[in-house]
Amino acid sequence: MRRADGSSSLSTMTTTEPLGSYTPPAPQRTLRRSRTDRVGAGVAGGLGEYFAVDPVLFRVLFATAAFFGGAGLLGYLLAWAAIPEEGTEHAPVDSWVRGFRQRRIPFLLAAVAAILLFWAVAFSWWAPGPALPVVLIAIVIVLIFGRRRGGGRGWPGAAPADTAAETVSLDKQAPTAPPRQAPEWVSDLRKWAAESREASRNRRRRAQPVRIAGLVTLVTALAVLGLIDGLHGIPIPVYLWVAVGIVGVTLLTGLVLRRTPWSLTSLLVPALIALIGLGGTHASLHDGIGQKQWRPTTHLATHYRLAFGQAILDLRSLPLPTTPEAIDVTVAAGQVRVIMPSSLNVTLRAEVHFGNLNVDGTDYDDGDGARARGVNVDRTVLPAAGAAGAPLLIRVHLADGNVSLEHR
């Protein structure tokens, strides 16, 4: 615009920004157990309200699945534990996880206990069996929709049909829906796991001197025993008792000092199991490992030994004994085979801690109706009819394995 004096100036133009419209975010909605429409804990009523279907359908589903090994009952209990009640924000599982975390129970220990509990429930004699998927579906529903935020009634995310549009100025930022939040027990689990890992690292660091001292003592003791065993022979249980004793004393020392090296339990448990299986044997590693075959042709030794493997005593080349004899066969674990002709006057006594005795390919039955199989088998096989020669007694001492008598 030019002024009367000939000068020019810019004029200021004022504009009004156009108005627009937007649909406000749908109100928050969460899965809750119903307080009004309930028969039990309100699980079916809450599911029906959330999915906008008749709650009777869920009640029928839970009731029907209950007849398949109790899967419906188990699924209902899981849903009750993980879904908060209407008007509340916390489910029962929230307080459980928070309580475990506050009591500083190791996360790994609780996880193992939970897995064992689920295994016992899902695979016991009353297990859900074919209806187990119902339980898994219930878990998935709880995990996905337990804290899901979305639209009003209907499927998650659907906007209400009667939502009116509002006219607003475009120069203002439209409000956004709040982000979805994970269930409280999920965040508590993560914090619990992180705190347990940090506590475990601290415990290992504090217990390291005790653990190293215990391991050095154990290795030294086993090495000394190995040297003595190589020269004279030491029964295998001695190794196991020494290992259990050293590890046990180390754990007790750690408990007193509040520096317990719990990782040493990985050595204690297998040592105890081996001690249960091999604690009664007199065999030693000095006796050898693998397959040993004895085939006497003139006379018998008083003792035949083997640590682990297959021991074969073949008497087919032995002449008929002229005087009564008794021999012992000792094996820690493996198989003992005694091969002899039917004419030989041999009585076999088998002492097996864990295992079985069979004669000519079948489990031995001395007429009492019980098979020679299981724990602490102690059976005697008498000579065959028509056997000749002086009596020969063979005592077999086997901790774990099979004793086989073969007539050829």
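This section reports on the structure supplied with the text.

Criteria and thresholds
Residues numbered from 1 in each chain as written. Predicted model: local features only at pLDDT ≥ 70, side-chain atom pairs only at ≥ 80, totals over all residues. Heavy atoms only, no water. Phe/Tyr/Trp six-rings, centres within 6.5 Å; stacked < 30°, edge-to-face > 60°. Helix = DSSP H or I, 4+ residues; strand = E, 2+ residues; numbered from the N terminus. Buried < 20%, exposed > 50% of the residue type's maximum accessible area, 1.4 Å probe, protein only. Pairing = 2+ DSSP bridges. Salt bridge = Lys/Arg side-chain N within 4 Å of Asp/Glu carboxyl O.

Time to look at the packing of aromatic side chains. Tallying each qualifying case throughout the model produces one aromatic pair. Relative to Tyr304, the ring of Trp294 has its centre 5.1 Å away and its plane inclined at 50°; by these criteria the two rings are tilted. Taken together, the residues Trp294 in strand β3 (residues 289-294) and Tyr304 in strand β4 (residues 303-314) connect sequence positions 10 residues apart. The class of Tyr304 is buried, set by a relative accessible area of 7%.

Turning our attention to the pairing of strand β6 (residues 344-359). Buried residues dominate β6, accounting for 12 of its 16 residues. Sheet analysis places β6 next to strand β9 (residues 388-407), joined by 14 bridges and oriented parallel. Residue pairing for β9: Val352 is matched across the bridge by Leu398. In the sheet, β6 pairs with strand β8 (residues 373-381) via eight bridges, with the strands oriented antiparallel. Bridge pairing in β8 links Arg349 to Thr380. Strand direction decides the pairing type here: β6 and strand β7 (residues 362-363), joined by two bridges, are antiparallel. What sits directly across from Asn358, in β7, is Asp363. Following β6, the chain reverses through two residues before pairing antiparallel with β7; Asp360 in that reversal takes a positive phi of roughly 55°.

In this section: the pattern of salt bridges. Per the stated rule, a full pass over the model turns up nine salt bridges. Between Glu198 and Arg201 there is a salt bridge, with its nearest N and O atoms 2.7 Å apart. Placement of both Glu198 and Arg201 in helix α7 (residues 184-231) is noted, with a separation of three residues, approximately one turn of the helix. For Arg201, a relative accessible area of 39% translates into the label partly exposed. Note that Glu351 is salt-bridged to Arg349, the shortest N-O span being 3.4 Å. Classification of Arg349 by relative accessible area gives partly exposed; the value is 33%.

This part takes up the pairing of β9. By the bridge criterion, 15 bridges tie strand β5 (residues 325-340) to β9 in an arrangement that is parallel. Looking across to β9, one finds that Val329 is bridged to Val396.

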